[in-house]
Amino acid sequence: MTPATHDAGLRNLLSVRDLDAAAAVRILDLAEDMAEVATREVPKLPALRGRTVANLFFEDSTRTRLSFEAAAKRLSADVITFSAKGSSVSKGESLKDTAQTIAAMGVDAVVLRHSASGAARVLADSGWIDAAVVNAGDGTHEHPTQGLLDAFAMRKRRHADASRGRDLAGLRVTIVGDILHSRVARSNVWLLHTLGAEVHLVAPRTLLPAGVGAWPVTTSSDLDAAIADEPDVLMMLRIQSERMHAAYFPHEREYSRQWGLTDERFGRLPAGTMVMHPGPMNRGLEISAKAADSDASVILDQVTSGVSIRMAVLYLVLSGAAAGA
Ligand code: CP
């Protein structure tokens, strides 16, 4: 076990690189149990009654914030939500003071999204608060619950009713687009590698990070060749215009022509290839509406999986239960 985990369970979730394969599979298995809860007439468990989860979102979010809220409520925890917009952050209040202010109201876990890479680790290691910390996306560093929910959605579709206990050995995953700015790509690369999958990255050279040579991946700039290679999963990434302070490609039309999943490219995908996107999507830029709305698309399954994975993670950090329980 790594410093993120201890015999009693998961202390924080800051990075997928803190999870070995057994710990990751246990989270995926527990998420399967949590998914079963959603099918009940009353989709709720009393497991975290009396515990309080604070969502601290310093960056915008739809999926992550709402699914953490749904996850906490399905486990009967109380939830308080902070959005930087409209808060005292506009008056200059720091992360430390914001976190301590919310912790002083009595919280057991903080779910943090922040624009600074490493913010969740800083909060967890600082001693500013006693609550467990779950990283909900820190800058361009990591988005561990996204990596876990993507693995969960892949595992479910690959193994249908027999996914429990499985890793993703041999699964061929191609991730396409703005790798440079993508915390989703980083969490997927490291977690998929841990789970035994083979990862190929496709991007314009300008959107590949300088250090990508040290990642457990192959890379290219040729999406058509990658499609001809018949991947099991094609994961399209959002172009993160809000993080781009330079021109990384000449024009959106040019990007779409070379690196977009257009209708024509979608038509060349082998039957059974899963089409994924973490959302929010730029339809018509990195992915066509036809591809996004097709039977091959796992995009809404990814969202549903997010609730189950976040229930599992909150349960593990708050219940003190062993990851294998
Ligand atoms: N995938 C994801 O993190 O989406 P949100 O930004 O809407 O949370």
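Being a predicted model, the structure only gives us computed values, none of them experimental.

Rules behind the numbers
- Residues numbered from 1 in each chain as written.
- Predicted model: local features only at pLDDT ≥ 70, side-chain atom pairs only at ≥ 80, totals over all residues.
- Heavy atoms only, no water.
- Helix = DSSP H or I, 4+ residues; strand = E, 2+ residues; numbered from the N terminus.
- Buried < 20%, exposed > 50% of the residue type's maximum accessible area, 1.4 Å probe, protein only.
- Pairing = 2+ DSSP bridges.
- Right-handed = clockwise from strand over helix to strand, strands pointing away.
- Core = buried A, V, L, I, M, F, W, Y, C linked by side-chain atoms within 4.5 Å.
- Domains from an automatic or database assignment.
- Near = heavy atom within 4 Å.
- Polar contact = N/O pair within 3.5 Å; in protein donor to acceptor, adjacent residues only side chain to side chain.
- Areas by Shrake-Rupley, 256 points an atom, 1.4 Å probe, with all protein chains shown as cover.
- Phe/Tyr/Trp six-rings, centres within 6.5 Å; stacked < 30°, edge-to-face > 60°.
- Axes fitted to C-alpha atoms, helices over the stretch in contact; angles between N-to-C directions.
- Contact = heavy atoms within 4.5 Å.
- Buried area = accessible area lost by both parts, 1.4 Å probe.
- Salt bridge = Lys/Arg side-chain N within 4 Å of Asp/Glu carboxyl O.

**Here's the deal with the environment of Glu252**
In this fold, Glu252 is placed in helix α8 (residues 252–259). Among the residues examined, Glu252 registers a relative accessible area of 47% and is labelled partly exposed. Put simply, Glu252 and Ile239 are 13 residues apart on the chain and 9.6 Å apart in space, counted from C-alpha to C-alpha.

**Side note on the pairing of strand β7 (residues 172–176)**
Counting buried positions along β7 gives 4 out of 5 residues, so the element sits mostly inside the fold. Examined bridge by bridge, β7 and strand β8 (residues 198–202) share 5 bridges and lie parallel to one another. Considered in β8, the bridge of Thr174 is made with His200. Regarding topology, helix α6 (residues 183–194) serves as the crossover connection from β7 to the parallel β8, and that connection is right-handed.

**Section: the nonpolar core**
One finds Met154, Ile175, Leu201 and Leu261 to be the most contacted residues of the largest nonpolar core, which totals 89 residues. Broken down by element, this core gets its largest block of residues, 10 residues, from helix α11 (residues 299–319). Here this core gathers at least three residues from each of two domains, domain 1 (3–142 + 306–322) and domain 2 (144–302). If you look at the next biggest cluster of nonpolar residues, it comprises 18 residues, including Ala84, Val110, Leu123 and Val133.

**Description of the site of the ligand**
Taken together, Ser61, Thr62, Arg63, Thr64, Arg113, His143, Gln146, Pro278 and Gly279 are the residues near the ligand. Here an oxygen atom of the ligand sits 3.0 Å away from a polar atom, N or O, in the main chain of Arg63. Within the backbone of Pro278, a nitrogen or oxygen atom sits 2.9 Å from a nitrogen atom of the ligand. About the coverage of the ligand: the protein hides 91% of its 260 Å² of free accessible area.

**Details of the packing of aromatic side chains**
For the structure shown, the criterion picks out 2 aromatic pairs. Note on Phe58 and Phe82: the rings are 5.2 Å apart at their centroids and 50 degrees apart in plane angle, and the pair reads as tilted. One end of the pair, Phe58, is in the loop between β3 (52–57) and α2 (63–74); the other, Phe82, is in strand β4 (residues 78–83), with 24 residues separating them in the sequence. Neither residue differs from the other here; Phe58 and Phe82 are each classed as buried. Plain terms: the ring middles of Tyr255 and Trp259 are 5.7 Å apart, the flat faces sit at 40 degrees to each other, and that makes the pair tilted. Highlighted residues: Tyr255 and Trp259, both in helix α8, separated by 4 residues, approximately one helical turn. Accessibility assignment for this pair places Tyr255 and Trp259 in one class, buried.

**Overview of the sheet that holds strand β10 (residues 233–236)**
Spatial strand order, β9-β8-β7-β10-β11: 5 strands in an open sheet with parallel pairing. Bordering the open sheet on either side are β9 (218–220) and β11 (274–276), each of which pairs with just one other strand. The mean inter-strand angle of the sheet, taken between neighbouring strand axes irrespective of direction, is 20 degrees. Relative to β9, β8 runs parallel, the two being bridged by 3 bridges. Residue pairing for β9: Leu201 is matched across the bridge by Thr219. Sheet contacts for helix α5 (residues 144–159): β7, β10 and β11; angle to β11, the most-contacted strand, approximately 160 degrees.

**Brief notes about unusual backbone geometry**
Along the chain, Gly279 connects to Pro280 via a cis peptide bond; the corresponding omega equals -10 degrees. When you line up the elements, Pro280 lands in the loop between β11 and α10 (289–292). Not every positive phi belongs to a glycine, and Ser76 is a case in point at roughly 70 degrees. Here Ser76 lies in the loop between α2 and β4. Despite not being glycine, Glu230 has its phi angle at roughly 55 degrees, a positive value.

**As for the domain arrangement of the protein chain**
The parts lose accessible area when they come together, and the size of an interface is often stated as this lost area. By domain assignment, the protein chain separates into domain 1 (3–142 + 306–322) and domain 2 (144–302). Put simply, the middle of domain 1 and the middle of domain 2, counted by C-alpha atoms, are 25 Å apart. The interface is formed by 35 residues belonging to domain 1 together with 28 residues belonging to domain 2. The contact between domain 1 and domain 2 buries some 2,500 Å² in all, and 62% of this surface belongs to carbon and sulfur atoms. Contact with domain 2 buries surface across domain 1, with Val16, Leu28 and Thr140 losing the most and accounting together for 23% of the total. Summed over the shared surface of domain 1 and domain 2, the result is 5 salt bridges. For Arg164, the salt bridge is made with Asp33, and the minimal N-O distance between the two is 3.1 Å. Here domain 1 and domain 2 share 14 residue pairs in polar contact (both at pLDDT 80 or more) between them. Contributions of two or more residues to the side of domain 1 that touches domain 2 are made by α1 (21–38), α2, β5 (109–114), β6 (132–138) and α11.

**Let's talk about the side chain of His277**
Within the fold, His277 resides in the loop between β11 and α10. For His277, a relative accessible area of 0% translates into the label buried. Within the local environment of His277, its side chain forms a polar contact with the backbone nitrogen of Gly279, the two atoms lying 2.8 Å apart. Within the local environment of His277, its side chain forms a polar contact with the side chain of Glu286, the two groups lying 2.9 Å apart. Setting aside residues no more than four positions away along its own chain, His277 makes contact with Met236, Leu237, Arg238, Glu286, Ile287, Ile299 and Gln302.

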